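Structural description and commentary
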Amino acid sequence: MEWKQEEYLITDDSSKIEIEKVYKLLNNTYWGVRRPLDVVTKMIEHSLCFSIFHNSKLIGFGRVVTDYTVFSWVADIVIEPEYRKQGLGKWFMSCIKEHPLLRTTQMVLQTRDAHEYYKKYGFTKNEALMSTAVDGL
């Protein structure tokens, strides 16, 4: 799918993903800084990915790991710093939440610092969620 807004484009077309650029975007986050390029490549291959372009320049990325039926894990939402505070993140999350393959699934995510932001999209804290540590990353 594609969504257009002036000179911006959001797409779930994985053929348009620039893996090196996504790697660099994630490398500048607290959660993705330790991921080597081969890990980023594998996670892209196994996710429904969303990219934001300004004209033809990739400026944002996010992905969803899902069974397309009941569960979706939203991950790695990132936008280039110079494009933040312009409403692109709101539009990006709206496209993900309303995607026809995802909108009927329960969505979860993990964040250290954006709780208030994600509350706007219906996310709430859940004391039942547990996770394991990851070796090597």
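Before going into details, it helps to say that this report is about the structure given with it. Since the structure is predicted, the reported quantities are computational estimates derived from the model, not experimental observations.

The rules behind the values
- Within each chain, residues carry numbers counting from 1 in the order of the written sequence.
- At least 70 in pLDDT is required for a residue's local features to be given in this predicted model, at least 80 for side-chain atom pairs to be given and counted, and no such filter applies to totals for whole chains, interfaces and linings, which use all residues.
- Hydrogens and water molecules were not included; the side-chain quantities draw on all heavy atoms of the structure.
- Axes here refer to lines fitted to C-alpha atoms; in helices the fit is confined to the stretch in contact. Angles between the N-to-C directions go from 0 to 180 degrees.
- Helix and strand definitions follow DSSP, with helices as H or I runs of at least four residues and strands as E runs of at least two, each counted in order from the N terminus.
- Note on angle classes: values under 35 degrees are labelled roughly parallel, values over 145 roughly antiparallel, values of 65 to 115 roughly perpendicular, and the remainder oblique.
- It is the rotation of the near helix from the far one that decides the hand of a crossing: anticlockwise by less than a right angle makes it left-handed, clockwise makes it right-handed.
- Any two residues having at least one pair of non-hydrogen atoms within 4.5 Å are treated as being in contact.
- Classification used: nonpolar for Ala, Val, Leu, Ile, Met, Phe, Trp, Tyr, Cys and Pro, charged for Asp, Glu, Lys and Arg, polar for all others including Gly.
- Note on pairing: two strands pair once DSSP finds at least 2 bridges between them.
- Put simply, two rings from Phe, Tyr or Trp (the six-membered ring, in Trp's case) pair if the centres are within 6.5 Å, and we call them stacked under 30 degrees between planes, edge-to-face over 60, tilted for the rest.
- For every residue, the accessible area obtained with a 1.4 Å probe (protein chains only) is divided by the maximum for its type, and the residue is called buried under 20%, exposed over 50%, and partly exposed between those limits.
- Two thresholds decide whether a charge sits over a ring: the Lys NZ or Arg CZ must be within 6 Å of the ring centre and within 35 degrees of the ring normal.
- Polar contacts, as counted here, are pairs of nitrogen or oxygen atoms within 3.5 Å of one another; within protein the pair requires one atom able to donate a hydrogen and one able to accept it, and residues that are adjacent in sequence qualify only if both atoms are side-chain atoms.

1. Some details on the packing of helix α1 (residues 19-27) against helix α2 (residues 37-45)
Direction vectors running N to C along α1 and α2 enclose 110°, while the axes themselves pass 10 Å from each other. It follows that α1 is roughly perpendicular to α2 by the angle criterion. Between α1 and α2 lies a crossing of right-handed hand. Along its contact with α1, which presents Ile19, Glu20, Val22, Tyr23 and Leu26, the element α2 presents Leu37, Val40, Thr41, Met43 and Ile44. Looking at the contact of α1 with α2 residue by residue, the class counts come to eight nonpolar, one polar and one charged.

2. Structural notes on the sheet that holds strand β1 (residues 2-5)
Strand order in the open sheet formed by six strands is β1-β2-β3-β4-β5-β6, with mixed pairing between adjacent strands. At either end of the open sheet lies a strand with only one pairing partner, and these are β1 and β6 (106-108). For this sheet, the mean inter-axis angle between neighbouring strands, taken without regard to orientation, is 20°. Relative to strand β2 (residues 8-11), β1 runs antiparallel, the two sharing four bridges. Within β2, the position partnered with Glu2 by the bridge is Thr11. Relative to strand β4 (residues 57-66), α1 is tilted by about 80°, and along the sheet it contacts β4 and β5 (71-79).

3. Considerations on the packing of aromatic side chains
In this description, a pair of aromatic rings is defined by centroid distance and the angle of the planes. A complete count under the given rule lists five aromatic pairs for this structure. With 5.1 Å between their ring centres and 85° between their planes, Tyr30 and Trp31 make a pair best called edge-to-face. Look at Trp31 and you get partly exposed, because its relative accessible area is 32%. Judged by centre distance (6.5 Å) and plane angle (85°), the ring pair of Phe50 and Phe92 falls under edge-to-face. Here Phe92 lies in helix α3 (residues 88-98) and Phe50 lies in strand β3 (residues 48-54), a separation of 42 residues in the sequence. Among the residues examined, Phe50 registers a relative accessible area of 0% and is labelled buried. Sitting over the ring of Phe123, Lys97 keeps its end group 5.5 Å from the ring centre.

4. A short note on the environment of Thr29
Among the secondary structure elements, Thr29 is positioned in the loop between α1 and α2. Accessibility expressed as a relative area gives 10% for Thr29, which makes it buried. Residues Thr29 and Asp76 lie 47 residues apart in sequence; the distance between their C-alpha atoms is 9.0 Å.

5. Notes on the side chain of Thr11
Turning to its location among the elements, Thr11 is positioned in strand β2. Polar contacts involving the side chain of Thr11 include one to the main-chain carbonyl oxygen of Met1, which spans 3.3 Å. Apart from residues no more than four positions distant in its own chain, Thr11 is found in contact with Met1, Glu2, Trp3, Lys16, Cys49, Phe50, Ser51 and Phe53.

So yeah, pure geometry; function would need other evidence.
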